[in-house]
Amino acid sequence: MAKPTAAAWMARALQLARRGLYTTDPNPRVGCVLVKGNRLVGEGWHERAGEPHAEVHALRMAGEAARRATAYVTLEPCSHHGRTGPCAVALIDAGVKRVVVAMGDPNPEVAGRGITMLREAGIEVDVGLLEEEARAINPGFLSRMSRHRPYVRLKMAMSLDGRTAMESGESQWITGPHARSEVQRLRARSSAVLTGVDSVIFDNSRLTVRASQLGLEDADAIARRQPLRVVVDTHLRLPQAAACLRESGRTLVATVMGYDVDRRARLESAGAEILVLPAGEGGRVDLAALLGYLAEQELVNEVLLETGATLAGAMLDANLVDEMQLFVAPTLLGGEARPLFALPGLTRMAQQRPLDIIDIRAVGRDWRITARPARLQG
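Quick notes on the rules
- Residues numbered from 1 in each chain as written.
- Predicted model: local features only at pLDDT ≥ 70, side-chain atom pairs only at ≥ 80, totals over all residues.
- Heavy atoms only, no water.
- Axes fitted to C-alpha atoms, helices over the stretch in contact; angles between N-to-C directions.
- Helix = DSSP H or I, 4+ residues; strand = E, 2+ residues; numbered from the N terminus.
- Parallel < 35°, antiparallel > 145°, perpendicular 65-115°, else oblique.
- Left-handed = near helix turned anticlockwise from the far one by under 90°.
- Contact = heavy atoms within 4.5 Å.
- Domains from an automatic or database assignment.
- Buried area = accessible area lost by both parts, 1.4 Å probe.
- Salt bridge = Lys/Arg side-chain N within 4 Å of Asp/Glu carboxyl O.
- Buried < 20%, exposed > 50% of the residue type's maximum accessible area, 1.4 Å probe, protein only.
- Pairing = 2+ DSSP bridges.

Let us look at the packing of helix α3 (residues 87-94) against helix α4 (residues 113-120). Look at α3 against α4: their axes get within 9 Å of each other, and the N-to-C directions meet at 20°. Overall, the two elements α3 and α4 adopt an arrangement that is roughly parallel. α3 and α4 meet at a crossing whose hand is right-handed. Counting all contacts with α3, which are made through Ala88, Val89, Leu91 and Ile92, the residues of α4 involved are Gly114, Met117 and Leu118.

Written out as structure tokens, the structure is:
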């Protein structure tokens, strides 16, 4: 039997990191493998914010076998004291001889310091093995650290003729139960779910993660962490009886100056938190400012945008969408039904907005298309 390669060990570390997909927020998902004599002696992953990091779990498993071992880590070991101690120091104290890092940490509090600390202690450090795969695990954390805004994933459900709801606003259900389970998993991995007030008024969605629909092990534990619910509501039209205000977790309502004071008081009494932001184009909530606030104040890594044509179109028009998850049902709603996006000003073919298709796959009777605006692939 062929001996595992360095890439194989790092692939195992990446596999471990993915176990934290739904639980590490707002921290990155990280895995670590300790190898000695081409034999696995320890492994671990970061499970929850505030708990030990991946390296610590792997070192505990390895014990004395960690001395002179090689550590494969999906993200640069931290060098600062947060809620846990520096992992770079833990690796040094354990006596590892080599550390292979998939990618450097963009966090300014680390940003190369962990690698420098290891090298200054005489440990051999290699960086860049399976870096692209490592980056794909933490798009939101990387976006928050490098762009100071979350990674925005737009989810839309549509008919085969590109319609999202009937003219009346009725939209439940276009897609089937398998697609809805996929949406629940998208919510579960997200720090926040963002929507427009019209979508809440029409659908009265709870915008929550439901354990019964996740189809995952530890679904109950995963659903205990509810993403922040964010409603864009320029004129504070959100009904006090909205279902999202009665659910566990927080509902943040983003509005602008000039709001109705009485409406604000009523919404706050119903459990909403009101965020007043600058007005953007047309006097509406400045969407870029909202994302900046979510990144800096709420430590939001990934946003799931679940909304109607107007807000979805505005986010696309402002180049604030990073990824699209489009669920297509094998049904037709007709020309009077509501369109997928409201994109203003597109009158010529030269103005079309091209997409790059990343993946297409069947989800029950429906199809899921993963796409990105072409500008991100340049």
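Right, picking up where we left off after that structure.
By domain assignment, the protein separates into domain 1 (6-137) and domain 2 (148-373). For domain 1 versus domain 2, the distance between C-alpha centres works out to 34 Å. Facing eight residues of domain 1, the contacting portion of domain 2 comprises eleven residues. Both faces considered, domain 1 and domain 2 share a buried interface measuring about 820 Å² in area, 48% of it formed by carbon and sulfur atoms. It is Tyr22, Asp25 and Pro26 that lose the most area in domain 1 upon contact with domain 2, and together they represent 70% of the buried surface on that side.

Within this structure, the stated rule accounts for 20 salt bridges. With a closest N to O distance of 2.6 Å, arginine 187 and glutamate 306 form a salt bridge. In this pair, arginine 187 sits in helix α7 (residues 177-189) while glutamate 306 sits in strand β12 (residues 302-306), placing the two residues 119 residues apart along the sequence. Grouping residues by exposure puts arginine 187 and glutamate 306 together as buried. Each member of the salt-bridge network shares a partner with another, and the members are Arg29, Arg153, Arg189, Glu302 and Glu323.

Moving on, we get to the sheet that holds strand β16 (residues 366-373). Picture the strands of a sheet paired through backbone hydrogen bonds; they go either parallel or antiparallel. Ordered in space as β11-β10-β9-β8-β12-β6-β13-β16-β15, the nine strands form an open sheet in which the pairing is mixed. Sheet topology places β11 (273-277) and β15 (355-363) at the edges, where each strand pairs with a single neighbour. Each strand of the sheet is rotated relative to its neighbour by a mean of 25°, with strand direction disregarded. Running over the sheet, helix α12 (residues 287-297) touches β6 (151-159), β8 (192-196), β9 (228-232), β10 (251-256), β11 and β12 and is turned about 165° from β9.

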